[in-house]
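# A look at the structure
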Amino acid sequence: MRKIVITMVVWAIASMALTASAEQPGWIDNWSSYYPEDSYICAVGYGRSRSSADQDGLAQLAAFFGTSVSTSTSVSTSNAFTSSYNYSEDSYRNLFDSGSTLSVNLSNMVGTSFRERWDNGKDYYSLAVIDRKKTKEYYYSQANDSAKSLKQAFNMNMSEISFVNFYLVRNISDSLVKYDEAMRILSVVAPPLASLAEKIPARNEISSLIENLKYNAGVSVECNDEAWDNLSDDFYSLLSSHGISIMDEDSRFVISINISMEPTDVPGNDLKFISYSMTVIIRDQVQNKNIFTWKCSGREGQYTHDAAEARAIIVMRKKLNGYFDQKFSKAFNL
């Protein structure tokens with residue numbers, strides 16, 4: 001009998017402990033008592049799992065910035081900025097479209113974290129928090145740095161720009177994206193600070209600068225030979241590895257490629273030969289002169305002309321990735 005009583009007492013104490021631990025914490029219904037609104041922006045997420053609660057918390061924070069804000073259950077508070085904007089040759093135009101919507105990625109936004117989590121085994125809660133102080137300091141600096149970069153871009157001398165400087169188009173576009181994102185975040189986290197941030201040049205001026213830079217730093221390719229279809233991917237990949245972008249539209253620099261392959265059989269030899277040559281010329285249309293020339297040639301033999309031609313293409317591909325790349329890199333300090 002005594003053992004039964006002791007057992008019941010132990011069970012009662014355990015039940016009381018479990019009941020106490022299952023009590024809902026105060027921050028769920030009144031987070032501002034724990035995280036003052038002048039220092040934090042908070043949202044209580046709810047779900048049937050931890051991940052769904054986290055997602056709901058971020059989604060509620062997203063509402064402060066607008067429906068375009070992307071969310072993720074993986075929140076990082078590191079100082080590494082990751083832009084959600086991916087550059088393509090024409091996508092920068094979206095930055096000047098009044099109807100476009102900027103995306104702010106909360107999963108990478110500095111100052112965002114989950115400060116509290118609680119569940120009773122069935123209901124899950126997460127407190128997603130934006131630390132106003134940490135966030136405003138980082139993005140105020142980002143806005144000013146981006147504005148300075150955009151202003152400095154207007155000091156470039158276009159006559160000194162070449163196709164190896166196309167990365168400048170990306171830099172300007174990225175600076176504009178970072179500025180817009182920083183200003184969007186500051187307008188929510190610290191509105192007075194947003195008004196104090198450095199201003200940027202007019203959008204139409206930045207657009208004109210990018211168009212001018214795209215022409216002066218752009219390069220197009222001309223080649224109508226059928227063999228080019230087998231070499232173009234390697235050539236474009238090589239240029240891309242040096243940060244050079246090929247433009248479909250008119251540009252200052254033009255790369256002209258001439259490929260010739262002719263049967264040149266040798267009397268008394270059973271093999272079929274193809275003599276090949278490839279010439280690459282880069283022309284500056286503004287200065288109206290060739291600024292780079294490279295040529296390779298040779299002869300390849302196989303048992304059929306088609307096989308010899310295929311072999312010649314393989315050899316030209318190797319020379320493009322070898323001899324051409326070496327001379328090209330040296331000529332333009334790549």
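The structure we're discussing is the one just above.
Everything numeric in this text was worked out from a predicted model, so none of it was measured. (Residues numbered from 1 in each chain as written. Predicted model: local features only at pLDDT ≥ 70, side-chain atom pairs only at ≥ 80, totals over all residues. Heavy atoms only, no water.)

## Concerning a negative patch on the surface
Going by this rule: Here a patch means residues that are over 30% exposed by relative accessible area and free of salt bridges, tied together within 9 Å if like-charged and within 5 Å if nonpolar (Val, Leu, Ile, Met, Phe, Trp, Tyr). Only the protein chains shown count as cover for residues, with accessible areas throughout obtained via the Shrake-Rupley method and a probe of 1.4 Å. The term salt bridge refers to a side-chain nitrogen of Lys or Arg lying within 4 Å of a carboxyl oxygen of Asp or Glu. By the counting scheme adopted, Arg and Lys are positive, Glu and Asp are negative, and His together with the chain ends is not counted. The atom standing in for a charge is NZ when the residue is Lys, CZ when it is Arg, CG when it is Asp and CD when it is Glu. Strands are runs of DSSP state E lasting at least two residues, helices are runs of H or I lasting at least four, and both sets are numbered from the N terminus onward.
A cluster of like negative charges, contributed by Glu226, Asp229, Asp306 and Glu309, occupies part of the molecular surface. Tracing the chain through its elements places Asp229 in the loop between β4 (219-222) and α7 (232-241).

## Remarks on the environment of Ile200
Under the convention used in this document: With a 1.4 Å probe rolled over the protein chains alone, any residue whose accessible area is under 20% of its type maximum counts as buried; one over 50% counts as exposed, and the rest are partly exposed. Any two residues whose heavy atoms approach within 4.5 Å are treated as being in contact.
Among the structural elements, Ile200 can be located in the loop between α5 (191-196) and α6 (203-217). What makes Ile200 buried here is its relative accessible area of 18%. In this structure, the C-alpha to C-alpha distance between Ile200 and Lys148, residues 52 residues apart in sequence, is 7.9 Å. Setting aside chain neighbours within four positions, we find Ile200 in contact with Ala147, Leu150, Leu176, Tyr179 and Ile206.

## Observations regarding the side chain of Thr135
Looking at the secondary structure, you find Thr135 in helix α3 (residues 132-153). Setting aside chain neighbours within four positions, we find Thr135 in contact with Met109, Val110, Gly111, Ile130, Ile185 and Val189.

## Description of α3
Under the convention used in this document: Expected span, for any helix, means 1.5 Å times one less than how many residues it has. Definition of a polar contact: a pair of N or O atoms within 3.5 Å, with one able to donate and the other able to accept a hydrogen when the atoms are protein atoms, and with sequence-neighbouring residues admitted only if both atoms are side-chain atoms.
When the terminal C-alpha atoms of α3 are compared, their 31 Å separation across 22 residues agrees well with the 32 Å that a helix rising 1.5 Å per residue should span. The set of residues buried in α3 consists of Arg132, Thr135, Tyr139, Gln142, Ala143, Asn144, Ser146, Ala147, Leu150 and Ala153. Near the N-terminus of α3, the side chain that reaches the backbone nitrogen of Lys133, with its oxygen 3.1 Å away, is that of Asp131.

## Observations concerning α6
Taking 1.5 Å as the rise per residue, α6 with 15 residues should run 21 Å; its terminal C-alpha atoms sit 21 Å apart, in good agreement. Those residues of α6 lying buried are Ile206, Leu209, Ile210, Leu213, Lys214, Asn216 and Ala217. Where α6 is buried, its residues touch α3, α4 (167-189), β4 and β5 (253-263).

## Some words on the side chain of Asn216
Take Asn216: it is sitting in helix α6. There is a polar contact of 2.8 Å between the side chain of Asn216 and the side chain of Asn212.

## Notes on the packing of aromatic side chains
Here is the rule we go by: Only Phe, Tyr and Trp rings take part, Trp by its six-membered ring, and two of them pair if their centres are within 6.5 Å. Stacked means planes under 30 degrees apart, edge-to-face means over 60, and tilted covers everything else.
Counted according to the given criterion, the structure contains 17 aromatic pairs. Ring geometry for Trp294 against Phe324: centres 5.3 Å apart, planes inclined by 70°, an arrangement best described as edge-to-face. One end of the pair, Trp294, is in strand β7 (residues 289-302); the other, Phe324, is in helix α8 (residues 305-331), and 30 residues separate them in sequence. Each member of the pair, Trp294 together with Phe324, is buried. Joined through ring pairs, the aromatic side chains of Phe163, Trp228, Phe235, Tyr236, Phe253, Phe292, Trp294, Phe324, Phe328 and Phe332 make up one cluster.

## Focus: the sheet that holds strand β3 (residues 124-131)
Picture the strands of a sheet paired through backbone hydrogen bonds; they go either parallel or antiparallel. Using the following cut-off: In this analysis, strands are considered paired if DSSP registers two or more bridges between them. Axes here refer to lines fitted to C-alpha atoms; in helices the fit is confined to the stretch in contact. Angles between the N-to-C directions go from 0 to 180 degrees.
Pairing is antiparallel in the open sheet, where three strands are placed in the order β1-β3-β2. Of all strands in the sheet, those bounded by a partner on one side alone are β1 (40-47) and β2 (112-119). Within the sheet, the average angular offset between the axes of one strand and its neighbour, ignoring direction, is 20°. Where β2 meets β3, seven bridges bridge the pair, whose relative direction is antiparallel. Within the sheet, the bridge partner assigned to Trp118 lies in β3 and is Tyr125. Against the sheet, α3 engages β1 and β3, with an angle of about 45° to β3.

## Considerations on the pairing of β7
In summary, the side chains of a regular strand alternate between the two faces of the sheet. Here strand β6 (residues 272-284) pairs with β7 via 13 bridges, running antiparallel. When the sheet's bridge partners are listed, Asp284 is paired in β7 with Lys289. Hairpin remark: β6 followed by β7, antiparallel, with four residues in the connecting loop; positive phi at Asn288, about 55°.

## Examining the pattern of salt bridges
As enumerated under the stated definition, the model contains ten salt bridges in all. Salt-bridge contacts for Asp54 lead to Arg117; the nearest nitrogen and oxygen are separated by 2.9 Å. Of this pair, Asp54 sits in helix α2 (residues 50-62) while Arg117 sits in strand β2, and the two are 63 residues apart along the sequence. Exposure remark for Asp54: the relative accessible area of 4% places this residue in the buried category. Taking the relative accessible area as the measure of exposure, Arg117 reaches 36% and is therefore partly exposed. For Arg115, the salt bridge goes to Asp131, with nearest N and O atoms at 3.5 Å. Here the residue Arg115 occupies a position in strand β2, and Asp131 occupies one in strand β3, the gap between them amounting to 16 residues. Residue Arg115 is classed as partly exposed on the basis of its relative accessible area of 33%. Residue classification places Asp131 among the buried positions, given a relative accessible area of 15%. A network of salt bridges, in which partner residues are shared, links Arg50, Asp54 and Arg117.

## Regarding the sheet that holds β4
The mixed open sheet is built from four strands, whose spatial order is β4-β5-β6-β7. The open sheet has two free edges, formed respectively by β4 and β7, since each of these has just one partner strand. Neighbour-to-neighbour, the strand axes of the sheet open up by a mean angle of 15°, direction not taken into account. Across the sheet, α8 touches β5, β6 and β7, and the angle it forms with β7 is around 150°.

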